[in-house]
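Secondary and tertiary structure notes
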Amino acid sequence: MFFLTVLLCSYLQISQQIQKTTANGKEMLSNPRLKPVQGTLNVEMNQNVSLSCHSDSGTPPVRYTLFKHNQKISTLNRSDLTPGLFNLTINSASDIGEYKCKAENNISSGGKYSNSLNFTLKEPISKPVLSSPTSQAKEGQNVTLSCLSENGSLPITYVFFKGRQSISPPVKMQKKEAAVIFLFMNSSSDFGIYKCRAENSFCNNTKYSNSFNFTLAEERSHSQPLIISLGLILLLFIIGFALAIPFFIIPSYKAKKYKSTRSSTGFTSTTNAEEPEDYVIYTEIGTAKAADGDTYCHSVSYYYY
């Protein structure tokens with residue numbers, strides 16, 4: 001059994017060697033390997049980078065072709081098995097990938113393709129925004145604070161501050177989401193100015209947020225509803241009094257003034273109880289002599305509305 005296993009392994013090795021070598025002794029290329037010369041895939045905008053494409057084995061000369069998003073962007077010829085070096089400039093977000101290369105020699109059919117590479121763009125972070133659903137709170141209330149930088153390459157690390165003192169461990173966000181902390185407003189010392197700080201792997205790129213101020217909410221007095229009710233009653237009284245002036249007070253005043261004027265000329269006035277309140281009767285009383293010489297009283301009534 002052991003002998004059969006060794007024989008099978010030998011056969012496979014010989015078959016692979018035959019596949020790599022043609023009848024005239026030329027060897028096919030191995031699959032090339034694509035890697036960044038600078039050793040990292042983290043890049044910045046407008047940065048120059050180099051990619052190396054290399055087949056370890058095969059018969060030269062070798063032709064290397066670099067592709068970005070399956071589109072050919074450059075070709076290099078090598079007379080030996082030295083790597084093909086492609087120089088690039090990262091000018092926009094579309095330049096970060098996907099990259100592949102292909103190696104070909106005179107005996108290969110279709111060439112061999114490498115692994116894929118994608119750069120990670122290191123973008124400076126923008127000034128973070130610190131916010132909360134409320135800026136007023138009571139003692140014993142729970143509140144939240146959110147800190148978010150809209151722009152910047154991930155991950156982004158956030159730290160929260162009360163004044164100049166850190167109040168949270170670093171919070172590392174792998175997504176474009178806000179870092180959130182929960183606060184318990186235990187005493188008056190918990191109210192005041194808060195800030196947050198954001199930073200990422202971009203060199204010398206630390207930004208502080210706006211200030212956010214928590215203030216103590218004023219509690220309503222129990223007498224406040226009573227004061228509001230009294231104010232409404234007073235307002236209704238003033239409105240009612242203003243409406244009564246043209247309908248009741250002014251007509252009554254005019255009637256009294258007219259009565260006073262007529263009394264000085266021998267007129268008296270009476271009000272008919274069966275008539276409306278603004279219906280007034282004025283009666284003039286005088287004396288006259290009859291034909292036989294007797295004296296009698298007479299009156300003349302006037303009606304005013």
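Above this text sits the structure in question.
The model shown is predicted, which means the values in this text are computed figures rather than measured ones.

What follows covers the state of the cysteines. Tallied over the entire structure, the rule returns two disulfides. Two residues, Cys53 and Cys101, share a disulfide whose sulfurs are 2.0 Å apart. The chirality of the disulfide connecting Cys53 with Cys101 is right-handed, given an S-S dihedral of about 80°. Of this pair, Cys53 sits in strand β3 (residues 48-54) while Cys101 sits in strand β7 (residues 97-104), placing them 48 residues apart in sequence. Here Cys147 pairs with Cys196 through a disulfide, and the sulfurs are 1.9 Å apart. Disulfide Cys147 to Cys196: torsion about the S-S bond roughly 70°, handedness right-handed. On the criterion of sequence distance, the pair formed by Cys147 in strand β13 (residues 141-148) and Cys196 in strand β18 (residues 192-199) is long-range, its members being 49 residues apart. A residue is classified by how much of its surface remains accessible, and Cys147, at 0% relative accessible area, is buried.

A few words on the environment of Pro60. Mapped onto the elements, Pro60 comes out in the loop between β3 and β4 (62-68). Leave out the neighbours within four places in its chain, and Pro60 touches Ser79 and Asp80.

Turning next to unusual backbone geometry. Looking along the chain, the bond that leaves Gly97 and enters Glu98 is cis, with omega of 10°. With respect to the helices and strands, Glu98 occurs in strand β7. Note the cis peptide between Leu154 and Pro155, where omega equals -5°. Turning to its location among the elements, Pro155 is positioned in the loop between β13 and β14 (156-162). The phi angle at Asn46 is positive, at roughly 70°, despite the residue not being glycine. Following the sequence through the fold, Asn46 ends up in the loop between β2 (42-44) and β3. Phi at His69 takes a positive value of approximately 55°, unusual for a residue other than glycine. Assignment of secondary structure puts His69 in the loop between β4 and β5 (71-78).

Another aspect to go through is the sheet that holds strand β11 (residues 129-131). Taken in spatial order, the three strands of this open sheet run β11-β13-β17, and their pairing is antiparallel. Both outer strands of the open sheet, β11 and β17 (179-185), are each paired with one neighbouring strand and no more. Each strand of the sheet is rotated relative to its neighbour by a mean of 20°, with strand direction disregarded. Pairing of β13 with β17 involves seven bridges; the strand directions are antiparallel.

Here is what the cut-offs are and how they apply
- Residues numbered from 1 in each chain as written.
- Predicted model: local features only at pLDDT ≥ 70, side-chain atom pairs only at ≥ 80, totals over all residues.
- Heavy atoms only, no water.
- Disulfide = S-S within 2.5 Å.
- Helix = DSSP H or I, 4+ residues; strand = E, 2+ residues; numbered from the N terminus.
- Buried < 20%, exposed > 50% of the residue type's maximum accessible area, 1.4 Å probe, protein only.
- Contact = heavy atoms within 4.5 Å.
- Pairing = 2+ DSSP bridges.
- Axes fitted to C-alpha atoms, helices over the stretch in contact; angles between N-to-C directions.

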